[in-house]
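Reading the structure
Listed below, chain by chain, are the residues.
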Amino acid sequence: MAAQILSGITIRDQIYADLAGDIVKLTSAGIRPGLAAVLVGENPASKVYVKSKIAACEKLGLASFHITPPASMTTEELLALIRELNHRDEVDGILVQLPLPPQIDSKRILEAIDPAKDVDGFHPVSVGHLVAGRPALVACTPAGVMEIFKRSGIALEGANAVVLGRSDIVGKPMALLLIHANATVTVCHSKTRNLPEVVRRADIVVAALGRACMVTPEYVRPGATVIDVGINRVTDAAQAEGFFAHFPERLAEFRAKGHALVGDVHPDVASVAGALTPVPGGVGPLTIAMLMSNTVKAARLRRGSRAAGGSARP
Ligand code: NDP
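Computed from a predicted structure; not experimentally measured.

The helix and strand inventory of the protein stands at eleven helices and eleven strands. Taken over the C-alpha atoms alone, the protein extends approximately 55 × 45 × 35 Å along its principal axes. Put simply, the protein has 314 residues, and 50% of those count as buried. Contacts in the protein between residues far apart in sequence, at least 24 positions, make up 72% of those at least 6 positions apart. Surface summary for the protein: the accessible area is close to 14,500 Å², and the carbon and sulfur share equals 55%. When the 33 positive and 29 negative side-chain charges of the protein are each reduced to one mean point, those points stand 3 Å apart.

Laid out in structure tokens, this is it:
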């Protein structure tokens, strides 16, 4: 039986519909949530990501501040810019698009962001809150994955969950969120032994490896829910033929364009899994949706109580 396809686009639209109500409440109190997106230099992929984030702000009626300093800037100059954004009241969220140019100390930059405006959830204070189980602003990609579970009715309590990857931006926060949701969590990485065997025990698999189509059907227990976080660009025809052997439409699309996006999960997993997110159109749209959600939340937490004259809810 083919897996249920969990569309990130449908879930994103639900999140935006929910957010619209919060945005109306804030704007009627004179607060227009605002996101500052800092893009240092000319990295083409980063430009595309920042453009999508600004477009999402515009779609939802949030204010956006697109700041594009040159690639030659120093750590001190960028720190000064962050300090200025920390002080601007109309800026609720600060997003520094990664990667930064090599001469810039990324850690110092991320740690300089006011935690109340840390809409990416990368600041050590945000990470500490997540570890302690009282998060406010959670890293967007794992937060988006949790929305998939919640809005698709996938039960986590008591489930065996395997997270593939232990990065600070996906794997680790994902594992913490699953622990707080009462799943039994195993985190795998490049030194894990007998990986397919470990993954086969899972009811829930979250793959965030950055390895095109590595998770093949033999990794997956029949009926498991598989969330594919990976985004990999394939340009090699032989590779594409292997990945899309059972998906003639995708192969035709690859041949027409000369490239394709694939996840970390092989498309053939659809014949084994109970539910599966597609790539593209799965986790990707939710990352931006959760950035919007965090910006609105940051505005409510920081400025909402002032407007309402009461305390802000988390
Ligand atoms: P990283 O490269 O930071 O981390 C990859 C992790 O996978 C590491 O923990 C690494 O192990 C592990 N790993 C790599 N190869 C293997 C292997 N062969 N066997 C077992 N473990 C392995 O990647 P990110 O977490 O930043 O991103 C992961 C993927 O998710 C990428 O494809 C990225 O493009 C995508 N992504 C998608 C987003 C979205 O919006 N959908 C957002 C963010 C990322 P070790 O620690 O031992 O090196």
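Having seen it, we continue.
Turning next to the site of the ligand. Taken together, 21 residues sit near the ligand, with Arg166, Ser167, His189, Ser190 and Thr287 positioned nearest. In the model, an oxygen atom of the ligand is placed 2.5 Å from a nitrogen or oxygen of the Ser167 side chain. For the ligand, whose free accessible area comes to 930 Å², the fraction covered by protein is 70%. Among the elements that take part in the shell around the ligand, helix α11 (residues 283–308) stands out by supplying three residues, more than any other. Residues belonging to the shell around the ligand are distributed by class as follows: nine nonpolar, ten polar and two charged.

Our focus in this paragraph is the domain arrangement of the protein. Segmentation of the protein into domains returns domain 1 (27–124) and domain 2 (140–283). Each of domain 1 and domain 2 was reduced to a C-alpha centroid, and the two centroids are 29 Å apart.

To continue, consider the pairing of strand β3 (residues 63–67). Here β3 shows a buried face lined by Ala63, Phe65 and Ile67 and an unburied face lined by Ser64 and His66. When strand β2 (residues 34–38) meets β3, the two strands line up parallel, connected through five bridges. By the bridge assignment for β3, Val38 is matched with Ile67. In this view, the connection linking β2 to its parallel neighbour β3 by way of helix α2 (residues 44–60) has right-handed handedness.

Below, the discussion takes up a nonpolar patch on the surface. There is a patch of nonpolar side chains on the surface, built from Tyr49, Ile231 and Leu261 and spanning about 280 Å² of accessible area. Note on placement: Tyr49 falls in helix α2.

Bringing the environment of Val205 into the picture now. Tracing the chain through its elements places Val205 in strand β7 (residues 204–207). C-alpha of Val205 to C-alpha of Val226: the two residues are 21 residues apart in sequence and 4.8 Å apart in space. Once residues lying within four places of it in the same chain are set aside, the contact partners of Val205 are Val162, Leu164, Val199, Thr225, Val226 and Ile227.

Bringing the packing of aromatic side chains into the picture now. Per the counting criterion, the structure on display carries zero aromatic pairs. The ring of Phe65 has Arg88 lying over it, and the distance from NZ or CZ to the ring centre is 5.0 Å.

Taken in spatial order, the three strands line up as β3-β2-β4 in an open sheet, and their pairing is parallel. At either end of the open sheet lies a strand with only one pairing partner, and these are β3 and β4 (93–96). Strand-to-strand twist in this sheet, taken as the mean axis angle between neighbours without regard to direction, amounts to 15°. Contacts between α2 and the sheet are confined to β2, β3 and β4, with β3 contributing the most and set at about 160° to the helix.

What counts, and at which threshold
Residues numbered from 1 in each chain as written. Predicted model: local features only at pLDDT ≥ 70, side-chain atom pairs only at ≥ 80, totals over all residues. Heavy atoms only, no water. Helix = DSSP H or I, 4+ residues; strand = E, 2+ residues; numbered from the N terminus. Buried < 20%, exposed > 50% of the residue type's maximum accessible area, 1.4 Å probe, protein only. Contact = heavy atoms within 4.5 Å. Areas by Shrake-Rupley, 256 points an atom, 1.4 Å probe, with all protein chains shown as cover. Lys, Arg positive; Asp, Glu negative; His and termini not counted. Charge placed at Lys NZ, Arg CZ, Asp CG, Glu CD. Near = heavy atom within 4 Å. Polar contact = N/O pair within 3.5 Å; in protein donor to acceptor, adjacent residues only side chain to side chain. Nonpolar A, V, L, I, M, F, W, Y, C, P; charged D, E, K, R; others polar. Domains from an automatic or database assignment. Pairing = 2+ DSSP bridges. Right-handed = clockwise from strand over helix to strand, strands pointing away. Patch = residues over 30% accessible without salt bridge, like charges linked within 9 Å, V, L, I, M, F, W, Y side chains within 5 Å. Salt bridge = Lys/Arg side-chain N within 4 Å of Asp/Glu carboxyl O. Phe/Tyr/Trp six-rings, centres within 6.5 Å; stacked < 30°, edge-to-face > 60°. Lys NZ or Arg CZ within 6 Å of the ring centre and 35° of its normal. Axes fitted to C-alpha atoms, helices over the stretch in contact; angles between N-to-C directions.

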